[in-house]
Amino acid sequence: MFNNQDIIALAKSAGAAIMEIYQRDFAISEKSDESPLTEADLASHHCIVDGLKTLTPEIPVLSEESGGSEHQDRIAWQKYWLIDPLDGTKEFIKKNGEFTVNIALIDQGKAVFGVVYAPALGVTYWGDADGAFKESNGQVTPIQVSEIPVEGAVWRVVGSRSHQSDEFKAFVKGLPETEVVSMGSSLKLCLVAEGAADIYPRLGLTSEWDTAAAHAVVSAAGGQVLQYPELTPLLYNTRPETLLNPFFIVCADKSDKWA
């Protein structure tokens, strides 16, 4: 069995590799789905995959940058590591700091442990059966979701820095008074986990590696990640044909203001 702190240290090592590239000029290429790819994505990928194979050789690994065979084989896996070596590549390219290293453990479709490390911000989140935590400036503090806003209160809504869909805008319009906070990468889910926001409606496409690590943090902090509009728990590795997530809502609990 692995030690959580070893996985957190691995995420930070990958973050150090990313920051070495972040602080200089770097090449940008384009993947088959037209999303950007940098050498930092690949450096982080190799760091994490190699580290996990040493720490937990018995657990398979699926990364955003994995080859096609892992993408096909993963549907038979009950337990595996799901990683996004550099979530928020667009934010990395813009150099706004809002990018993360995501490492999640999936067990029978559920994100049971996750680490989200934002190397440019020096912030780490993690969550497991013992709770959810945030490390910043060397201080580790437990975190939990906020209570649902009371009648008349402002709803703090998290929106994507780069991908606010028409569906998102319509959802926000249907809420009572709102304050929209824009954020990049999986940090959006973490804002709900730490009680800095009330809801994150992701009514646009994401992949499973984008959300799994932060999903574990949200769950450990007492929150929920629900498919929308079904409002059933978001699960992983349930469809062989795709690694895309359905639309989802990140929240403390359901509310009649939006459910």
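Within any chain, residue numbers begin from 1 and follow the written order of that chain's sequence. Restriction of local features to residues with pLDDT of at least 70 applies here, the model being predicted, together with a cutoff of 80 or more for giving and counting side-chain atom pairs; totals for whole chains, interfaces and linings are based on all residues. Water and hydrogen atoms were dropped before computing side-chain values, which therefore reflect all heavy atoms in the structure.

The name recorded for the chain in an unreviewed UniProt entry is 3'(2'),5'-bisphosphate nucleotidase CysQ, from Amphritea pacifica. UniProt positions are given in the numbering used here, feature names are shortened, and annotations may be inferred rather than shown by experiment. Listed under Sequence similarities (unreviewed entry) in UniProt, the entry text for the chain is "Belongs to the inositol monophosphatase superfamily. CysQ family."

A short note on the pattern of salt bridges
When a carboxyl oxygen of Asp or Glu is within 4 Å of a side-chain nitrogen of Lys or Arg, the pair counts as a salt bridge. Counted under the stated rule, the structure contains six salt bridges. When the shortest N-O distance is used, the salt bridge between E194 and K134 registers 2.9 Å. Of this pair, E194 sits in the loop between α6 (187-193) and β12 (199-202) while K134 sits in strand β8 (residues 131-136), placing them 60 residues apart in sequence. One salt bridge in this structure joins E151 and K257, with 3.0 Å as the shortest N-O distance. Of this pair, E151 sits in the loop between β9 (139-143) and β10 (155-160) while K257 sits in the segment after β14 (248-251), placing them 106 residues apart in sequence. The classification of residues rests on relative accessible area computed with a 1.4 Å probe and restricted to protein chains. Under 20% of the type maximum is buried, over 50% is exposed, and intermediate values are partly exposed. Classification of K257 by relative accessible area gives partly exposed; the value is 32%. A network of salt bridges, in which partner residues are shared, links E20, R24 and E39. Numbering of helices and strands runs from the N terminus; a helix is a DSSP stretch of H or I covering at least four residues, while a strand is a stretch of E covering at least two.

Some thoughts on the UniProt feature "binding site: Mg(2+) 2" (unreviewed entry) in the chain
UniProt annotation of "binding site: Mg(2+) 2" (unreviewed entry) refers to D84, D87 and D210 when read in the numbering used here. These annotated residues cover 127 residues of sequence, but their C-alpha atoms sit close together, with the largest distance between any two at 6.4 Å. By the element assignment, D87 lies in strand β4 (residues 79-87). In contact with D87, other than residues within four places in its own chain, are F99, T100, N102, S185, S186 and D210. Tracing the backbone shows D210 in helix α7 (residues 208-220). Taking relative accessible area as the criterion, D210 reaches 18% and is therefore assigned buried. Here a residue-residue contact requires only that any non-hydrogen atoms of the pair lie within 4.5 Å. When sequence neighbours within four positions are dropped, the list of residues in contact with D210 reads D84, D87, N102 and S186.

Observations concerning the packing of aromatic side chains
Pairing of aromatic rings covers Phe, Tyr and Trp, the last through its six-membered ring, and needs centres within 6.5 Å; plane angles under 30 degrees mean stacked, over 60 mean edge-to-face, and all others mean tilted. A complete count under the given rule lists eleven aromatic pairs for this structure. Between Y200 and F248, the ring centres sit 5.9 Å apart and the planes meet at 90°, which makes this aromatic pair edge-to-face. With a gap of 48 residues between them, Y200 in strand β12 and F248 in strand β14 connect regions that are remote in the sequence. Relative accessible area serves as the criterion here: at 2%, Y200 is assigned to the buried category. Three or more aromatic residues joined by ring pairs make a cluster, and in this case those are F2, W81 and F113. When the NZ atom of lysine or the CZ atom of arginine is within 6 Å of a ring's centre and also within 35 degrees of its normal, the charge is said to sit over that ring. Sitting over the face of the ring of Y22, K95 holds its NZ or CZ atom 5.6 Å from the ring centroid.

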